[in-house]
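Okay, here's what each chain looks like letter by letter:
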Amino acid sequence: MAGDSSDIDTDVDFTSSGGDRISTAPQPKLEPADIINLPKGQAFAMFEGGQLWKIRMPLPKPDKGKDIPANISDMAQQMRKRYNTGDRWWESVAPPPIEIDPELTAAATGSPTVATPPPAPAEHGGEAMPGIDGMDDDD
């Protein structure tokens, strides 16, 4: 900033200073035109505590429309063809059942065949059976 001196009794004709003055005035961050003029796939967003960011998003490829049904009945027909109730879903993922023949297993290992367990004793209508658990009636 420069200024002249009108005092004729001094040897100073003018004065100057190299100081800068900064003043601030509130400005809107975005104008409506900034948003309207954005190209496709770009947007403004507030992130990280209210910081304004301009972001870009990839655009999807245009759909060729090959698999779009012509009407609702075509769509229902396609759904009926592909519908799976899942009633027996485990059959497609479960391994095949393992069948073991006891005679073949015994022949392969050289051990005798496994005997079947003895039949269970018959019940006596709630009466204690002699000889079971060491309890006899003659005590």
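Residues numbered from 1 in each chain as written. Predicted model: local features only at pLDDT ≥ 70, side-chain atom pairs only at ≥ 80, totals over all residues. Heavy atoms only, no water.

## Observations concerning the overall build of the protein
For clarity, the cut-off: For helices the rule is a DSSP run of H or I covering at least 4 residues; for strands it is a run of E covering at least 2, with both sets numbered from the N terminus onward. Remark: exposure states derive from per-residue accessible area (1.4 Å probe, protein chains only) relative to the maximum for the residue type, with buried under 20%, exposed over 50%, and partly exposed in between. When checking whether two residues touch, look at their non-hydrogen atoms; a contact exists if any pair is within 4.5 Å. Under the convention used here, a 1.4 Å probe and the Shrake-Rupley method define accessible areas, while residue burial counts only the protein chains that appear.
Looking only at helices and strands, the protein features four helices and four strands. Taken from the N to the C terminus, the helices and strands of the protein come in the order β-β-α-β-β-α-α-α. Looking at the protein as a whole, 3% of its 139 residues qualify as buried. Across the protein, every contact between residues at least 6 apart in sequence was considered, and the portion connecting residues at least 24 apart equals 0%. Roughly 14,100 Å² of accessible area belongs to the protein as shown, and the carbon and sulfur atoms make up 56% of that amount.

## Examining a nonpolar patch on the surface
Here is the rule: To count toward a patch, a residue needs a relative accessible area above 30% and no salt bridge. Like charges then connect within 9 Å, nonpolar side chains (Val, Leu, Ile, Met, Phe, Trp, Tyr) within 5 Å. For this analysis, a salt bridge means a side-chain nitrogen from Lys or Arg found within 4 Å of a carboxyl oxygen belonging to Asp or Glu.
Together, Ile 72, Met 75 and Met 79 line one region of the surface with nonpolar side chains, adding up to about 320 Å² of accessible area. Tracing the chain through its elements places Ile 72 in helix α2 (residues 72–82).

## Notes on the pairing of strand β3 (residues 42–47)
This is how the line gets drawn: Paired strands are those between which DSSP finds at least two bridges.
Pairing analysis gives six bridges linking β3 to strand β4 (residues 51–56), with the strands arranged antiparallel. Its bridge partner lying in β4, Met 46 is registered against Leu 52. Counting the residues between successive antiparallel strands, the hairpin from β3 to β4 contains three residues, one of them, Glu 48, with a positive phi of roughly 50 degrees.

## Things to note about the packing of aromatic side chains
Condition: Classification of ring pairs uses Phe, Tyr and Trp, with its six-membered ring standing for Trp, and accepts pairs whose centres are within 6.5 Å; under 30 degrees between planes counts as stacked, over 60 as edge-to-face, and the remaining range as tilted.
This model, assessed by the stated rule, comprises one aromatic pair. For the ring pair Phe 47 and Trp 53, a centre distance of 6.3 Å and an interplane angle of 75 degrees mean the geometry is edge-to-face. Among the residues examined, Phe 47 registers a relative accessible area of 38% and is labelled partly exposed. According to the relative accessible area criterion, Trp 53 is partly exposed, its value standing at 38%.

## Considering unusual backbone geometry
Phi at Glu 48 takes a positive value of approximately 50 degrees, unusual for a residue other than glycine. Along the chain, the position of Glu 48 falls in the loop between β3 and β4. Take Glu 48: its relative accessible area is 61%, and that puts it in the exposed class.

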